[in-house]
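Given next are the chains, with one letter for each unit.
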Amino acid sequence: MQLRTMTVVRVLGATVAAALIAPALSGCAVLRGTLGELDAQLRRVTYEVSITGKNAGPGPLGVSNLSYLDAPTRGRDSKHVSSITTRSAQNRLDWSADALVRAGRTARIAATPVPGATAKCRILVDGGREIASSTAATGKPVVCEARLPKDLTR
């Protein structure tokens, strides 16, 4: 009789342990699936800004108020990365940055060149497909903006 009680206690203990562990394991699977879906939705976006011309005032050629959208980590929405200022002593300045943007969301970059210079911008997605480009008038801000398609095969 004592042996039978111990067997029942062991079976009951194993059942309770399985009942406690199963939700945790399935929760991990759900989390892995969710993170995998988020990774699949993220697109690598390359933002480019080119400045050409001569600065109308003293100082080097450059850009100010440069801002763009980036999702700093998977599962997060895009946020502004801004107030970047960059300068060059040449008559041309090329700047680029890689960022993450979720499919179906907006990719955007804006920059203001120094007076007398002309700014161009481009947005490339997943290694080179251009989805937006723009050229502003001399000394005026340039903006490129596009909603990333959910299916980039189009």
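Treat the numbers as computed from the prediction; the structure is a model and nothing was measured. Numbering of residues starts from 1 in every chain and runs along the sequence as written. Under the rules for a predicted model, residues below a pLDDT of 70 receive no local features and side-chain atom pairs below 80 are neither given nor counted, while totals for whole chains, interfaces and linings still include all residues. In computing side-chain properties, one takes all heavy atoms of the structure into account and sets aside hydrogens as well as water.

## Observations regarding the pattern of salt bridges
Our working definition: Salt bridges are counted wherever a side-chain nitrogen of Lys or Arg sits within 4 Å of a carboxyl oxygen of Asp or Glu.
Inspection of every chain in the model, using the stated rule, returns five salt bridges. A salt bridge links Asp94 to Arg92; the nearest nitrogen and oxygen atoms lie 3.2 Å apart. Several salt bridges converge on common partners, so that one network encompasses Glu48, Arg122 and Glu130.

## Comments concerning the packing of aromatic side chains
For clarity, the threshold we go by: Pairing of aromatic rings covers Phe, Tyr and Trp, the last counted by its six-membered ring, and requires centre-to-centre distances within 6.5 Å; plane angles under 30 degrees mean stacked, over 60 mean edge-to-face, and any other angle means tilted. Numbered from the N terminus, helices here are DSSP runs of H or I no shorter than four residues, and strands are runs of E no shorter than two. Here the term buried applies to any residue with accessible area under 20% of the maximum for its type, exposed to any over 50%, and partly exposed to those in between, with areas from a 1.4 Å probe on protein chains only.
The final tally for this structure, using the stated rule, is two aromatic pairs. Plain terms: the ring middles of Tyr47 and Tyr68 are 5.2 Å apart, the flat faces sit at 45 degrees to each other, and that makes the pair tilted. Here Tyr68 lies in strand β2 (residues 61-70) and Tyr47 lies in strand β1 (residues 42-53), a separation of 21 residues in the sequence. Residue classification places Tyr47 among the buried positions, given a relative accessible area of 0%. Residue classification places Tyr68 among the buried residues on the basis of a relative accessible area of 10%.

## Some points on the state of the cysteines
As a reminder of what qualifies: Two cysteine sulfur atoms make up a disulfide if the distance between them is within 2.5 Å.
All chains considered together, the criterion is met by one disulfide. Note on cysteine connectivity: Cys121 is disulfide-linked to Cys144, with sulfurs 2.0 Å apart. With the S-S bond torsion at 100 degrees, the cross-link from Cys121 to Cys144 turns out right-handed. Remark: Cys144 occurs in strand β8 (residues 142-147) and Cys121 occurs in strand β6 (residues 117-125); sequence separation between them is 23 residues. Each member of the pair, Cys121 as well as Cys144, is classed as buried.

## Quick word on the environment of Lys54
Examined against the element boundaries, Lys54 turns out to sit in the loop between β1 and β2. Taking the relative accessible area as the measure of exposure, Lys54 reaches 56% and is therefore exposed. Each C-alpha atom, one on Lys54 and one on Pro115, is 8.4 Å from the other, the two residues being 61 residues apart in sequence.

## Some details on the confidence of the model for the protein
Going by this rule: pLDDT: the predictor's confidence for each residue, scored from 0 to 100. In what follows, residue pairs with any heavy atoms lying within 4.5 Å of each other are defined as contacts.
Mean pLDDT for the protein: 75, with 56% of residues reaching 70 or above. Across residues 29-38 the pLDDT falls below 50, and counting only partners more than four positions away or on other chains, this stretch makes three contacts in the model.

## Focus on the nonpolar core
Convention followed: We call a set of buried Ala, Val, Leu, Ile, Met, Phe, Trp, Tyr and Cys residues a nonpolar core when their side-chain atoms join them within 4.5 Å.
Counting 29 residues, the largest nonpolar core has Tyr47 and Ile109 as its most contacted members. When residues of this core are traced back to their parent elements, those giving at least two are β1, β2, β4 (92-102), β5 (106-113), β6 and β8. Setting aside its immediate chain neighbours within four residues, Ile109 contacts Tyr47, Val49, Ser67, Tyr68, Trp95, Cys121, Ile123, Val142, Val143 and Cys144.

## Some words on the pairing of β2
The criterion, for reference: When DSSP finds at least two bridges between two strands, those strands are taken to pair.
Most of β2 sits out of view: eight of its ten residues are buried. Both β2 and β5 contribute to a ladder of four bridges, which runs antiparallel. Within the sheet, the bridge partner assigned to Val63 lies in β5 and is Pro113.

## What to know about the sheet that holds β6
To keep it simple, the criterion reads: Axes here mean lines fitted to C-alpha atoms, for a helix over just the part in contact, with angles spanning 0 to 180 degrees between N-to-C directions.
Spatially, the four strands line up as an open sheet ordered β4-β1-β6-β7, and their pairing is antiparallel. Of all strands in the sheet, those with a lone pairing partner are β4 and β7 (129-135), marking the two edges. Each adjacent strand pair in this sheet contributes to an overall mean axis angle of 15 degrees, direction not counted. Bridge count between β1 and β6: nine bridges; the pairing is antiparallel. Each bridged residue has a counterpart across the sheet, and for Tyr47 the counterpart in β6 is Ile123.

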